[in-house]
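Residue strings, one per chain:
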Amino acid sequence: AELEKKLKNHLRDSEKMLVDVTDQRSQLAKQNEELTEQNAELEKKLSQEKAVYEKKILEKMKKMTLVATEVSDKKNHLAKQKEELAKQKAELEEKLLEGKAEHEDRVLEEKKKMMER
């Protein structure tokens, strides 16, 4: 009778432990499911944020490319203007020298005429 009582108690304890383990297992399974869902949501959100960020980067890169092109175009335009101005300056200096030479020739010519008189 004593042994039977101990066996029943042991059996009851074992069944209780089995129920507890089963409950814990189902709770862990439920937590795992919830965490899996949370993880999926976070990954989706991360993916969306990444897409937005990549789009912004691409837009900035496009703007930078446009600005670089504009700067390059302006630089080329200014280089052409500088070249044109250098040509004009050279032409004006040449005309000035010719004018000076002609003026000096006239002055000399007049001096000659005055000396002859």
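Residues numbered from 1 in each chain as written. Predicted model: local features only at pLDDT ≥ 70, side-chain atom pairs only at ≥ 80, totals over all residues. Heavy atoms only, no water.

**Q** Go over the overall build of the chain, please, and point to the residues and values.
**A** Across its full length, the chain holds 1 helix and 0 strands. Its C-alpha atoms give the chain a radius of gyration of 49 Å, more than 25% over the compact-globule value 13 Å for 117 residues. A principal-axis box enclosing the C-alpha atoms of the chain has dimensions of 170 × 20 × 10 Å. The buried share of the chain, taken over its 117 residues, is 0%. For the chain, the exposed surface amounts to about 12,200 Å²; the carbon and sulfur share of it is 58%. Within the chain, one finds 28 positive and 28 negative side-chain charges whose respective centroids are separated by 2 Å. (Helix = DSSP H or I, 4+ residues; strand = E, 2+ residues; numbered from the N terminus. Rg over C-alpha atoms; globule rule 2.2 N^0.38 Å. Buried < 20%, exposed > 50% of the residue type's maximum accessible area, 1.4 Å probe, protein only. Areas by Shrake-Rupley, 256 points an atom, 1.4 Å probe, with all protein chains shown as cover. Lys, Arg positive; Asp, Glu negative; His and termini not counted. Charge placed at Lys NZ, Arg CZ, Asp CG, Glu CD.)

**Q** Quick one: what's the story with the pattern of salt bridges, residue by residue and with numbers?
**A** Side-chain pairing between opposite charges can occur once the charged atoms of the two side chains come close. Under the defined criterion, the tally for this structure stands at 1 salt bridge. The closest approach of N and O atoms between Lys 8 and Glu 4, which form a salt bridge, is 3.7 Å. Here Lys 8 pairs with Glu 4, and both are found in helix α1 (residues 2-116), just 4 residues apart, close to one helical turn. (Salt bridge = Lys/Arg side-chain N within 4 Å of Asp/Glu carboxyl O.)

**Q** Can you break down a negative patch on the surface residue by residue, with the values?
**A** A surface patch of negative charge is lined by Glu 83, Glu 84, Glu 91, Glu 94, Glu 98, Glu 102, Glu 104, Asp 105, Glu 109, Glu 110 and Glu 116. With respect to the element layout, Glu 102 can be found in helix α1. (Patch = residues over 30% accessible without salt bridge, like charges linked within 9 Å, V, L, I, M, F, W, Y side chains within 5 Å.)

**Q** Help me get a handle on a nonpolar patch on the surface, residues and values and all.
**A** A surface patch of nonpolar side chains, amounting to about 420 Å² of accessible area, comprises Tyr 53, Ile 57, Leu 58 and Met 61. Within the secondary structure, Ile 57 sits in helix α1. For Ile 57, a relative accessible area of 35% gives the class partly exposed.

**Q** Please set out the environment of Glu 84 residue by residue, giving values where relevant.
**A** Mapped onto the fold, Glu 84 is located in helix α1. Separated by 29 residues in sequence, Glu 84 and Lys 113 place their C-alpha atoms 43 Å apart.

**Q** Let's hear about the environment of Gln 88: which residues, and what values?
**A** As for its placement among the helices and strands, Gln 88 is situated in helix α1. Taking the C-alpha atoms as reference points, Gln 88 and Asn 39, separated by 49 residues in sequence, lie 72 Å from one another.

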